[in-house]
Structures are given as structure tokens and as C-alpha cells.
Amino acid sequence: MGPGKPPGIDDDRVLVQAVLAGAPGAFETLVRDYQRLCWHIINRMVRHPDDTRDLCQDTFLRVHQYLHQYRFESALKSWIGQVAYSVARRHLERKRIPLAEPVDDDPWALVEQVPDGFDLEAASADQELGALLRTEIEALPPLQRTLLTLYHLDEVPIPEIASITGLSAGTIKSHLFRCRAVLRGRLQARIGGTE
Amino acid sequence: MSTERDFDEREQREWQAQERALRAERAGKRSQGDPAVAQYRLIARALRDPPLDPIPSDFAVRTAARVAGAQSLGEQVDVWLGRALLALLLVAGVAAVYLYNGDSLREFSLSIPERTALGMQTLASWGMAIAACVALSSGFALARKR
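Note that the coordinates shown come from a computational prediction; the quantities given were computed from them, not determined experimentally.

**Overview of the overall build of chain A**
Here's step 1: Secondary structure assignment for chain A yields ten helices and zero strands.
Here's step 2: Seen in sequence order, chain A has helices and strands lined up from the N terminus as α-α-α-α-α-α-α-α-α-α.
Here's step 3: For chain A, the proportion of its 195 residues judged to be buried stands at 39%.
Here's step 4: Looking at chain A alone, contacts between residues at least 24 apart form 74% of all its contacts between residues at least 6 apart.

What follows is the structure, given as C-alpha cells:
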């Protein structure tokens, strides 16, 4: 969404009707309102700027083509997110890139060693730790990366992520839990190794 | 891939720590001293700042222009398809008159009841041909919309 308050259901209704009526600038406004979500989903899935741009454009072309079928049963944001997710998923399938692979680590082995203390601000300033976390996040499979970005960066609630991805809320919760626990395990291992 | 199952007590505690860290990070609260939550806050911070490629500044303008271009192309195709179907109808009509010219001339020599029956038959045939053209044209238009 663009800066400021995200569009509500009434704003969506007005916008959709304007696009369907062919009002000048209406479709550009729709793209502007939802390009961020669409870009995040596709970029986290495919991680290539040119592919992201092309697939995002394809997403909005589809949105325009099928908008007359949108019945306001879910938020417009979820509906556009669904289209973006399915476009990106098909792209990965064509390239034979697995969407979701199990994260093998057993998070408990390291997570259970609770440290006596942890200086958050000092750790934030530690560039090595920052780089480690970024590397570990990027090494996650496309689905898990996307779920974490939707939940943490876009602040999309779990039921809405379920509507976008077609996964159950329980599966999404499980992915989020496991990935974050694994990341903490690796962080713990690094801290244990450097201390 | 389904990984759905209920969390056990230990996992539930860990989930609570993850969620407390997420809320604290969103609210920008000071760290409360729980080392597990503090570690998850560091992870939440990294997750809120992933290495995303920037959205091109003219993305919305370009996308809207591409859609407008595709729409205009579609409208042109509709117009040309309509013209092609009309031309096909005319050609079919001329061909029919040419092929059945003798029959239609002979028709004048038929008796009135016979001529009426043949006229009805011709009318029905033409009606079906026109209906087929309209159905074909509507089918194309519907397929394009879908």
C-alpha cells in the first residue's frame, strides 16, 4: 500500500467500480495502492528484479482482466495477493524451483540453551550478526521467505496470509514458528561460538 | 506442504516469545530483559528489513499504460472480428445465391403452397445461419473477456 492509511473495503468498492467504468487514472491508482504488496510477494518468491517487474505487471494485467469477477468476498488486498502469489508460484514451477522445502535443523538443540543475558542494542550494532541473519533468511525456501515477509514487514494477519496462499492458518503458523526458531538457533550458535 | 499440528507446551512458550518480540518491535518498546524475547527481537528487526529490490518509480504508470494498450488492441481485434464475420456472412450469402440461383428461379414456376413451403425452409436456413454467426461472434467476445 502507499503511504498513509491503507484503503478500506468502501474505498476498494469505489476504486473497483471506477476501474470497471474505465475512469481515467483509476487503474493507475489501484496499481499504486497495491504494488508494494504484489512486489513483496513476487520478489521474495523469485528474487530477481527483472522477473519481479515482469511478473508484477502480469499480475496487474490479470487483475484488470478478471476484475469484473471480483465479488468483494475478501479484501481487494487479499484478492490481488492471491493473483500475485499464483503468478509467482507458476513461474517457480516452470523453472523447476521448489516452492517449499522442509527446514531440516532441529531448532530445540540450540534454542534450549537460554543465555543469561542478551544485549539487544549491542547485537543490533554487530554487523556480523546482522549479515548472518540476512544470509540465513535468504537461504530459506521461497515459501517460508514470503510468509515471513508478509507477516513481519507487511503486517498481514495469518488468516489473510492463508487467503493469499491457500494454505491453512495452522500450516502458516507452523512455518513461521519453525523458521524463527531455526533462525534463533543459528543466532545462538554464532553467539556461543564467538563468546 | 502441510506442517499443521498443535503446539506442545514448550513450543507454545517459544511461540509466545516470538510474538512478544514481534509486538515489541512493531511498537518500538524498550527491551524487557527476557533474553529469548530479545533474540527474537533481533530476528524480527532483520525480517522487517529484507533485501528487497526497489519498486521502479514509474511502475504504476507503465503498468497502467500497458493495460490501456492491451485493452485498445483488444477493442481493435473486436472491431476487426466483427467486420470479418460480416464479410463472411455476405460472401456466404452471395455464394448461396450463386449456387442455388437456378433453384430460386425455378421457385417462381412452383405453385403457391409449394412456394410458401420452400420460402419457409429458406427463411429457416438463413435464420440458422445468422444465429450461428451471432453465436460465434458472442462466443469470441465472451472468450476474450474470460
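The structure having been displayed, the exposition proceeds.
**Points about the overall build of chain B**
Here's step 1: A tally of regular secondary structure across chain B gives five helices and zero strands.
Here's step 2: Ordered by position from the N terminus, the helices and strands of chain B form the series α-α-α-α-α.
Here's step 3: Per-residue burial over chain B gives 15% buried out of 146 residues.
Here's step 4: Put simply, of all contacts in chain B between residues at least 6 apart along the chain, 29% involve residues at least 24 apart.

**Digging into the interface of chain A and chain B**
Put simply, an interface is often sized by how much accessible area is lost when its parts join up.
Here's step 1: Opposite the 45 residues of chain A that make contact, chain B presents 38 residues.
Here's step 2: Contributing elements (two or more residues each) for the side of chain A that touches chain B: α2 (26-46), α3 (49-66), α6 (120-125), α7 (127-138), α8 (142-152) and α10 (169-194) of chain A.
Here's step 3: Of all the elements, α10 of chain A adds the most residues to the side of chain A that touches chain B, at ten residues.
Here's step 4: Tallied by class, residues from the side of chain A that touches chain B come to 21 nonpolar, 16 polar and eight charged.

**Describing the packing of helix α4 (residues 76-94) of chain A against helix α9 (residues 158-165) of chain A**
Residue and element names in this part refer to chain A.
Here's step 1: Between α4 and α9, whose axes approach to 7 Å, the crossing angle comes to 45°. Comparing the axis directions of α4 and α9 gives the class oblique. Judged by the sense of rotation from one axis to the other, the crossing of α4 with α9 is right-handed. Across the interface between the two elements, Ser78, Gly81, Gln82 and Tyr85 from α4 touch Glu160, Ser163, Ile164 and Thr165 from α9.
Here's step 2: Across the contact of α4 with α9, the residue classes tally to two nonpolar, five polar and one charged.

**Digging into the nonpolar core**
Here's step 1: Cys38, Ile42, Ile80, Ala84 and Ala88 of chain A together with Ile43 of chain B are the most contacted members of the largest nonpolar core, which has 61 residues in total.
Here's step 2: Dropping the residues within four chain positions of it, isoleucine 42 of chain A is found in contact with Thr52, Leu55, Cys56, Ala84 and Ala88 of chain A.

**Topic: the domain arrangement of chain A**
Residue and element names in this part refer to chain A.
Here's step 1: Assigned domains within chain A: domain 1 (9-94) and domain 2 (108-194).
Here's step 2: Contact with domain 1, which involves eleven residues of that partner, is made by ten residues of domain 2.
Here's step 3: Residue assignment for the side of domain 1 that touches domain 2 shows that the elements contributing at least two residues are α2 and α4.
Here's step 4: Its residues placed into classes, the side of domain 1 that touches domain 2 shows five nonpolar, five polar and one charged.

**So, unusual backbone geometry**
Here's step 1: Although it is not a glycine, arginine 96 of chain A sits at a positive phi angle of roughly 55°.
Here's step 2: Given 6 C-beta atoms within a 10 Å radius, arginine 96 of chain A is considered exposed.

**Structural notes on α3 of chain A**
Here's step 1: The terminal C-alpha atoms of α3 of chain A, which comprises 18 residues, lie 26 Å apart, in line with the 26 Å expected from a rise of 1.5 Å per residue.
Here's step 2: Three or more residues of α3 of chain A are buried, namely Thr52, Leu55, Cys56, Thr59, Phe60, Val63 and His64 of chain A.

**Observations concerning the packing of α2 of chain A against α3 of chain A**
Residue and element names in this part refer to chain A.
Here's step 1: In contact at an axis separation of 9 Å, α2 and α3 are set at 135° when each is read in the N-to-C sense. Regarding the angle of α2 to α3, the classification is oblique. As for how α2 packs across α3, the hand of that crossing is right-handed. Contacts from Phe27, Val31, Gln35, Cys38, Trp39, Ile42, Asn43 and Val46 in α2 reach Asp51, Thr52, Leu55, Cys56, Thr59, Phe60 and His64 in α3.
Here's step 2: Of the residues belonging to the contact of α2 with α3, the class tally is nine nonpolar, five polar and one charged.

**A closer look at the environment of alanine 38 of chain B**
Residues and elements named next belong to chain B.
Here's step 1: With respect to the secondary-structure elements, alanine 38 resides in helix α2 (residues 35-47).
Here's step 2: A tally of 21 C-beta atoms within 10 Å means that alanine 38 is categorised as buried.
Here's step 3: For the pair alanine 38 and alanine 21, spaced 17 residues apart in sequence, the C-alpha separation works out to 6.8 Å.

**Observations regarding the environment of aspartate 10 of chain A**
Residue and element names in this part refer to chain A.
Here's step 1: Within the secondary structure, aspartate 10 is located in helix α1 (residues 9-20).
Here's step 2: Using a count of 8 C-beta atoms within 10 Å as the deciding quantity, one classes aspartate 10 as exposed.
Here's step 3: Distance in space between the C-alpha atoms of aspartate 10 and leucine 55 is 28 Å, their sequence separation being 45 residues.

**Notes on the confidence of the model for chain B**
All names here are of chain B.
Here's step 1: Of all residues in chain B, 77% attain a pLDDT of 70 or more, and the chain-wide mean is 80.
Here's step 2: Highest mean pLDDT in chain B belongs to helix α1 (residues 9-27) (92); lowest belongs to helix α4 (residues 101-107) (60).
Here's step 3: Among the prediction metrics, the complex's ipTM stands at 0.85, with pTM recorded as 0.74.

**Some words on the environment of lysine 173 of chain A**
Residues and elements named next belong to chain A.
Here's step 1: Within the secondary structure layout, lysine 173 lies in helix α10.
Here's step 2: We classify lysine 173 as buried; it has 20 C-beta atoms within 10 Å.
Here's step 3: Spatially, the C-alpha atom of lysine 173 lies 7.3 Å from that of isoleucine 158, the residues being 15 residues apart in sequence.

Conventions and cut-offs
- Residues numbered from 1 in each chain as written.
- Chains lettered and ligands numbered in written order.
- Predicted model: local features only at pLDDT ≥ 70, side-chain atom pairs only at ≥ 80, totals over all residues.
- Helix = DSSP H or I, 4+ residues; strand = E, 2+ residues; numbered from the N terminus.
- Buried ≥ 20, exposed ≤ 12 C-beta atoms within 10 Å, placed from the backbone.
- Contact = placed C-beta atoms within 7 Å.
- Nonpolar A, V, L, I, M, F, W, Y, C, P; charged D, E, K, R; others polar.
- Axes fitted to C-alpha atoms, helices over the stretch in contact; angles between N-to-C directions.
- Parallel < 35°, antiparallel > 145°, perpendicular 65-115°, else oblique.
- Left-handed = near helix turned anticlockwise from the far one by under 90°.
- Core = buried A, V, L, I, M, F, W, Y, C linked by C-beta atoms within 7 Å.
- Domains from an automatic or database assignment.
- Expected span 1.5 Å × (residues − 1).
- pLDDT = per-residue confidence, 0-100.

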